[in-house]
Amino acid sequence: MMAADRTVHAVPPSLSAKVVGSFAYLTVRDRLPTILTKVIDTIHRNKNKFFEEYGEEGIRAEKQTIGLLSKMRNELQTDKPVLELADELQDTASWNQYLQRQQDLQGDQDSVSWFKSPWLYVECYMYRRVQEALWLNPPISDYDVFNEGKTQSFFESQQAMMTLCTYSEGVNKNIEELSRNQLLEHFNKLLQVSLWGNKCDLSISAGQDNSQKTSPIDSLNSLQPFILVNDSNMVWAALTAAQRPGQTEKTSAVRVDIVLDNSGFELFTDLVLADFLVSSRLAHEVHFHGKCFPWFVSDVTANDFQWTIRQTMAANHKWMSKSGVQWKSHLKEGVWSYHDHPFWTQPHEFCDMEADAPDLYATLQGADLVLFKGDLNYRKLTGDREWAHTVGFNTALRGFGPAPLCSLRTLKANVQVGLQPGQGEALGSQDPDWMTSGKYAVIQFSSAESEQKD
Ligand SMILES: O=P(O)(O)OC[C@@]1(O)O[C@H](CO)[C@@H](O)[C@@H]1O
Ligand SMILES: [Mn+2]
């Protein structure tokens, strides 16, 4: 057992575009305007569709929405103050309170603005302002500006999906006879397939296609060296510990929550993993957590979740359509359930959840294991701050721990903790953009018991 780290870690500053040349700076200066321009183009390209569907009202809405988004793009590019939201959505007050919180933190000498304030805040704010522009312009308020990219990612990953479903069929066929070790082997493979599914995210690529073209199973061995932290054994231990009745006062129903990230191929890998957890009886319930409006270009909404299952059921591939039917049945039986709390589309660091969304925190406390997918969730778990790489994951979580949790993340932002001494430096010397290329990944676990391990 490592000696407990009793160092008191000062909380470092938030990553911010105020650091010229930093990844946050390049994202706010280049990538966010590119994403906004693509959103404007998408809305403009659908002008005729809006006219057919809504007549002149649709044309007016298209024009007004583009006007609001162009105004925001100008505010962003000229570092104007961040503005209060003017819509009447359920989370508007919470967003405007958060703006005030940022202003209080920053002091009055500077307004909260795109290049001066925390990157996590302004990037989340941008996606919420897109929602405001649409909400202010019915009848296109519920138009998903990212839908084309998400569906394209699904259609362009068909081969990989068929491979996965064929693998699943092979596992499920004799799952009753599988030994513990065989179950563990399949668990590790599907956990890593879900991990690498996170490479397929349209925000980092600013919408450029990055669907899964190679076999997700065959490539696992060659990807092993790129997993910088691999706590799979602790994840397995948390899952199997929850199996043994009598160990805790809980009933024997094991529940795994998956905080989803991207739609398309990544969501598909999460559904395959969740199906295995249930068919192997490692879990009896899986709760999925998605976004309540279109977010970070490719994140999963309820429409994406249902659409993906429908598409899989309709696939012209025996094992793929069989998987889709099975998944539909899990939802119907309540073995799987889908949730979309507003907190997931707010800018908060997760250490704020217990105070700012106590209902969600309490929900997660009912899980035996919570899997957090992707980079943005990792940034929120660690507060998107300038931690030293050797600071422990539990330290960076700053008390966030509703249940045993694991981040499955490919690195796409320059925050990474829990590394060995010298590991970050070595990576930096061989691969200058190791933290943002999506080439490297972590399977990083934390539970209350591992508090002393930092
Ligand atoms: O959460 P995901 O989908 O894995 O990645 C989100 C992301 O693409 O968006 C930001 C860059 O714009 C970064 O946090 C990260 O690169
Ligand atoms: Mn995402």
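Rules of the game
Residues numbered from 1 in each chain as written. Chains lettered and ligands numbered in written order. Predicted model: local features only at pLDDT ≥ 70, side-chain atom pairs only at ≥ 80, totals over all residues. Heavy atoms only, no water. Near = heavy atom within 4 Å. Polar contact = N/O pair within 3.5 Å; in protein donor to acceptor, adjacent residues only side chain to side chain. Areas by Shrake-Rupley, 256 points an atom, 1.4 Å probe, with all protein chains shown as cover. Helix = DSSP H or I, 4+ residues; strand = E, 2+ residues; numbered from the N terminus. Donors = N, O, S within 2.8 Å, 3.2 Å for Na, K, Ca; no water. Expected span 1.5 Å × (residues − 1). Buried < 20%, exposed > 50% of the residue type's maximum accessible area, 1.4 Å probe, protein only. 1 Å grid on protein atoms, 1.4 Å probe; cavity = no way out; pocket = protein on both sides within 12 Å on 5 of 7 lines; lining within 4 Å. Points joined across faces, edges and corners; volume = space filled by probe spheres on them. Nonpolar A, V, L, I, M, F, W, Y, C, P; charged D, E, K, R; others polar. Pairing = 2+ DSSP bridges. Axes fitted to C-alpha atoms, helices over the stretch in contact; angles between N-to-C directions. Salt bridge = Lys/Arg side-chain N within 4 Å of Asp/Glu carboxyl O. Domains from an automatic or database assignment. Buried area = accessible area lost by both parts, 1.4 Å probe.

### Regarding the site of ligand 1
Then, in step 1: In the vicinity of ligand 1 there are 15 residues, among which Glu123, Asp261, Leu376, Arg379 and Lys412 approach most closely.
Then, in step 2: Take Asp261: an N or O atom from its side chain is 2.8 Å from an oxygen atom of ligand 1.
Then, in step 3: In the environment of ligand 1, an oxygen atom lies 2.9 Å from a nitrogen or oxygen atom belonging to the backbone of Asp375.
Then, in step 4: The fraction of the free accessible surface of ligand 1 (390 Å²) that becomes covered by protein chains is 99%.
Then, in step 5: At the level of elements, helix H1 (23-45) and helix H16 (375-381) are the ones that each hand at least two residues to the shell around ligand 1.

### Observations concerning the coordination of the manganese ion (ligand 2)
Then, in step 1: At this site the manganese ion (ligand 2) is bound by Asp261 (OD), Asn262 (OD1) and Asp299 (OD), with donor distances of 2.1 to 2.3 Å.
Then, in step 2: The sequence motif formed by the donor residues of the manganese ion (ligand 2) is D-N-x36-D.

### Points about helix H8 (residues 180-197)
Then, in step 1: Over its 18 residues, H8 runs 25 Å from end to end, which matches the ideal 26 Å to within 8%, given 1.5 Å per residue.
Then, in step 2: Among the residues of H8, those classed as buried are Leu183, His186, Phe187, Leu190, Leu191, Gln192, Val193, Ser194, Leu195, Trp196 and Gly197.

### Looking at empty space enclosed by the protein
One simple way to see leftover space: roll a probe sized like a water molecule over the atoms.
Then, in step 1: All told, the structure shown has 2 cavities of 30 Å³ or more when counted by the stated rule.
Then, in step 2: Volume-wise, the second largest cavity comes out at about 50 Å³.
Then, in step 3: Partitioning the lining of the second largest cavity into residue classes produces 4 nonpolar, 1 polar and 4 charged.

### Some remarks on the sheet that holds strand S4 (residues 336-339)
Paired through backbone hydrogen bonds, the strands of a sheet run either parallel or antiparallel to each other.
Then, in step 1: In space, the 7 strands of this open sheet follow the order S1-S7-S6-S5-S2-S3-S4, with mixed pairing throughout. The sheet terminates laterally at strand S1 (227-230) and S4, the two strands that pair on one side only. Shown here is a sheet whose adjacent strand axes are inclined to one another by a mean of 15°, direction ignored.
Then, in step 2: Both strand S2 (residues 255-259) and strand S3 (residues 285-289) contribute to a ladder of 5 bridges, which runs parallel.

### Overview of the pattern of salt bridges
Then, in step 1: Across all of its chains, the model carries 26 salt bridges by this definition.
Then, in step 2: Asp144 is paired through a salt bridge with Lys150; the nearest N and O atoms lie 2.7 Å apart. Each member of the pair Asp144 and Lys150 is classed as buried.
Then, in step 3: Linked through salt bridges whose partners overlap, the residues forming this network are Lys71, Glu75, Arg129 and Glu132.

### Observations concerning the domain arrangement of the protein chain
One frequent convention defines the size of an interface as the accessible area lost when the parts assemble.
Then, in step 1: The assigned domain composition of the protein chain is domain 1 (23-135) and domain 2 (147-452).
Then, in step 2: A straight line from the C-alpha centre of domain 1 to that of domain 2 covers 28 Å.
Then, in step 3: Between domain 1 and domain 2, roughly 2,100 Å² of surface is buried when both sides are summed, and carbon and sulfur atoms account for 60% of that area.
Then, in step 4: Its largest share of buried area at the contact with domain 2, domain 1 owes to Phe23, Leu120 and Tyr127, together 28% of the area lost on that side.
Then, in step 5: The tally of links from domain 1 across to domain 2 stands at 4 salt bridges.
Then, in step 6: Between Asp352 and Arg101 there is a salt bridge, with its nearest N and O atoms 3.6 Å apart.
Then, in step 7: At the surface where domain 1 touches domain 2, the tally comes to 5 residue pairs in polar contact (both at pLDDT 80 or more).
Then, in step 8: Listed by contribution, the elements that provide at least two residues to the side of domain 1 that touches domain 2 are H1, helix H4 (92-106) and helix H5 (119-135).
Then, in step 9: Element by element, the count of residues in the side of domain 1 that touches domain 2 is highest for H5, at 8 residues.
Then, in step 10: Residues that form the side of domain 1 that touches domain 2 fall into these classes: 9 nonpolar, 6 polar and 7 charged.

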